[in-house]
Amino acid sequence: MRPEAPARQTAFDEVARTIWRLRQPDGCPWDREQTHPSIAKNMIEEAYEAVEAIEAGDVAHLREELGDVLMQVLLHAQIAADAGEFTIADVCHDLDEKLVRRHPHVFGAGVSAKSASEVLDIWSSVKLEEHREAGEGAADGAAGAAGVHPGSGASAAGSDISAAGTSAAAAPAAQLAPKPGLLDAVPRSMPALMQAQKISRKAAACGFDWDSTADVWRKMGEERAEFEAEAPGSEGALEEFGDVLFSAVNVARREGLDAETALRASCDKFRQRWAAMEAAAAGRGAALEDLSHDELEALWAQAKESERA
């Protein structure tokens, strides 16, 4: 180990023991009764609060929010440990193995990366290999559950029993352990823009992509036409508008932009302009809802001009 490498993290052990203590029979009633589903939304909320601290440049608040995110990780790990599923040590071990495996340009031999883009190419290659191995593992698991040795080339030539019994057992086993798809690794609970960009990136890594950004813009025009052809407010309109958004996300991906970050920035900009409009209206002794459309447009233009100044 390099002499400048971080020392053992005793503070991490201490907080892990605190979480363990809270879950003991004489610990905290609230912590003891929690399950993975009961606190799932907390993980999302704490992560968003950490992102907000990052975007605000508030280092002190970020320190606090990262602690709250870590608490969620430790609590879920302890819930799993209490159920005999896995421990926080397992989580750390798996993460360390993944980091080493996905950085062969640092920990391996014969692989180099001189730029961030080259690193992304390496990651895509490693992830695809992991996906293939996961698929083979699922198939092996199904075969094992059916009593067939993986790769044994078992056939119906052995006996009538093996032909009837083994094949009958193999069918439900295969259904229980289907081969994972490429996009299964992208959580469906992820915000839709982030989800769209991730699944698009994975598909593009397999060669399923447009030739140019101009092609995506043309596709977006086609999707808009299909949206406008649907009845307003209909299920068809909902589906086609989703396609318009999906195309827009692919424009961002191809241009090296993060769609989620871009939309968050637009939301923040709108909030700031709206607050400026409220302040300007209040200065006149009025409320925005009492103003005409032309007056609102004038205040909006004023807010935009103030940003430029």
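Residues numbered from 1 in each chain as written. Predicted model: local features only at pLDDT ≥ 70, side-chain atom pairs only at ≥ 80, totals over all residues. Heavy atoms only, no water.

Asks: What should I look at first to understand the packing of helix α10 (residues 213-228) against helix α11 (residues 235-254) in this one?
Replies: Angle between the axes and distance between the axes are the two parameters that describe a pair of packed helices. Where α10 meets α11, the closest approach of the two axes is 8 Å, and the angle between their N-to-C directions is 170°. Regarding the angle of α10 to α11, the classification is roughly antiparallel. Considering how the two elements wind past one another, α10 and α11 form a crossing that is left-handed. Judged by residue contacts, Thr 213, Val 216, Trp 217, Lys 219, Met 220, Glu 223, Arg 224, Glu 226 and Phe 227 of α10 engage Ala 237, Glu 240, Phe 241, Asp 243, Val 244, Ser 247, Ala 248, Asn 250, Val 251 and Arg 254 from α11. Its residues placed into classes, the contact of α10 with α11 shows 9 nonpolar, 3 polar and 7 charged. (Axes fitted to C-alpha atoms, helices over the stretch in contact; angles between N-to-C directions. Helix = DSSP H or I, 4+ residues; strand = E, 2+ residues; numbered from the N terminus. Parallel < 35°, antiparallel > 145°, perpendicular 65-115°, else oblique. Left-handed = near helix turned anticlockwise from the far one by under 90°. Contact = heavy atoms within 4.5 Å. Nonpolar A, V, L, I, M, F, W, Y, C, P; charged D, E, K, R; others polar.)

Asks: Got a minute to help me understand the pattern of salt bridges in this structure?
Replies: Two side chains bearing opposite charge may form a pair once their charged atoms approach each other closely. The tally for this structure, following the rule as stated, stands at 14 salt bridges. Residue Lys 219 is joined to Glu 222 by a salt bridge in which the shortest nitrogen-to-oxygen separation is 3.7 Å. With a gap of 3 residues between them, Lys 219 and Glu 222 both fall in helix α10, about one helical turn apart. You can call Lys 219 partly exposed: its relative accessible area is 26%. Its salt-bridge partner being Arg 308, residue Glu 305 comes within 3.1 Å of it at the nearest N-O pair. With a gap of 3 residues between them, Glu 305 and Arg 308 both fall in helix α13 (residues 293-308), about one helical turn apart. Arg 308 gets classed as exposed once you look at its relative accessible area, which sits at 59%. One continuous salt-bridge network, built from bridges that share partners, spans Arg 101, Arg 102 and Glu 130. (Salt bridge = Lys/Arg side-chain N within 4 Å of Asp/Glu carboxyl O. Buried < 20%, exposed > 50% of the residue type's maximum accessible area, 1.4 Å probe, protein only.)

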